[in-house]
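# Observations on chain architecture
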Amino acid sequence: QVQLLESGGGLVQPGGSLKLSCAASGRIFGFHFMGWYRQAPGKGRELVASVTNGATTNYTDSVKGRFTISRDSAKNTVRLQMNDLKPEDTAVYYCRAVLEVPRIREFWGQGTQVTVSS
């Protein structure tokens, strides 16, 4: 049974930093994609940042220069370093992974709340 375990959310003041982690556990034969999405109240879910098995990263425009996604392939873990946080970054952040288990399947984490407020 493959699961994604997220951690690192919380409350932070504007301008502060947080680091989110997403660890995939279980029988995993390969990695295709891992990414972070977020959903603010009353809005749809959007892709924030992602990394592929070719190490290609992608960011939504609003977080470029502030957020950095990184992957630890040995531990099937992806991290999102979030700096200079703004109130508009407030949302529930979800991890998504496309893994070989051994079939190629999509997995979602349970979500972690990030609140940016003074």
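Residues numbered from 1 in each chain as written. Predicted model: local features only at pLDDT ≥ 70, side-chain atom pairs only at ≥ 80, totals over all residues. Heavy atoms only, no water.

## Points about the side chain of Thr112
What counts, and what does not: Counting from the N terminus, the helices are the DSSP runs of H or I reaching at least four residues and the strands are the DSSP runs of E reaching at least two. Burial here depends on accessible area, computed with a 1.4 Å probe over protein chains only, as a share of the maximum for the residue type. Under 20% is buried, over 50% is exposed, and the range in between is partly exposed.
Along the polypeptide, Thr112 turns up in strand 11 (residues 112–116). By relative accessible area, Thr112 is classed as buried at 12%.

## Regarding the packing of aromatic side chains
To be explicit about the condition: Between the rings of Phe, Tyr and Trp (Trp by its six-membered ring), a pair exists once the centres lie within 6.5 Å; its type follows the angle of the planes, with under 30 degrees stacked, over 60 edge-to-face, and the other angles tilted. For a Lys NZ or an Arg CZ to count as sitting over a ring, it must be within 6 Å of the ring centre and within 35 degrees of the ring normal.
Scanning the entire structure with this criterion turns up 1 aromatic pair. Against the face of Phe31 rests Arg71, its NZ or CZ located 3.6 Å from the ring centre.

## Quick word on the sheet that holds strand 7 (residues 67–72)
Within a sheet, each strand pairs with its neighbour through backbone hydrogen bonds, oriented either parallel or antiparallel. Spelled out, the test is: Only strands that DSSP links by at least two bridges are regarded as paired with each other. Axis lines are fitted through C-alpha atoms, for helices just across the contact stretch, and the angle between N-to-C directions can take any value from 0 to 180 degrees.
Spatially, 4 strands are ordered 1-3-8-7 in an open sheet, and the strand pairing comes out antiparallel. Because the sheet does not close on itself, it has two edges, and the strands there are strand 1 (3–7) and strand 7. Here the strands of the sheet are splayed against their neighbours by 15° on average, with no regard to which way each runs. The pairing of strand 3 (residues 18–25) with strand 8 (residues 77–82) spans 6 bridges and is antiparallel. By the bridge assignment, Ser21 is partnered in strand 8 with Arg79.

## Describing the pattern of salt bridges
Using the following cut-off: Each reported salt bridge corresponds to a side-chain nitrogen of Lys or Arg within 4 Å of a carboxyl oxygen of Asp or Glu.
A complete count under the given rule lists 6 salt bridges for this structure. As a salt-bridge pair, Asp84 and Lys86 come within 3.6 Å of each other at their nearest N and O atoms. When the shortest N-O distance is used, the salt bridge between Arg96 and Glu106 registers 2.6 Å. Placement of the pair is Arg96 in strand 9 (residues 91–100) and Glu106 in strand 10 (residues 104–108), with a sequence separation of 10 residues.

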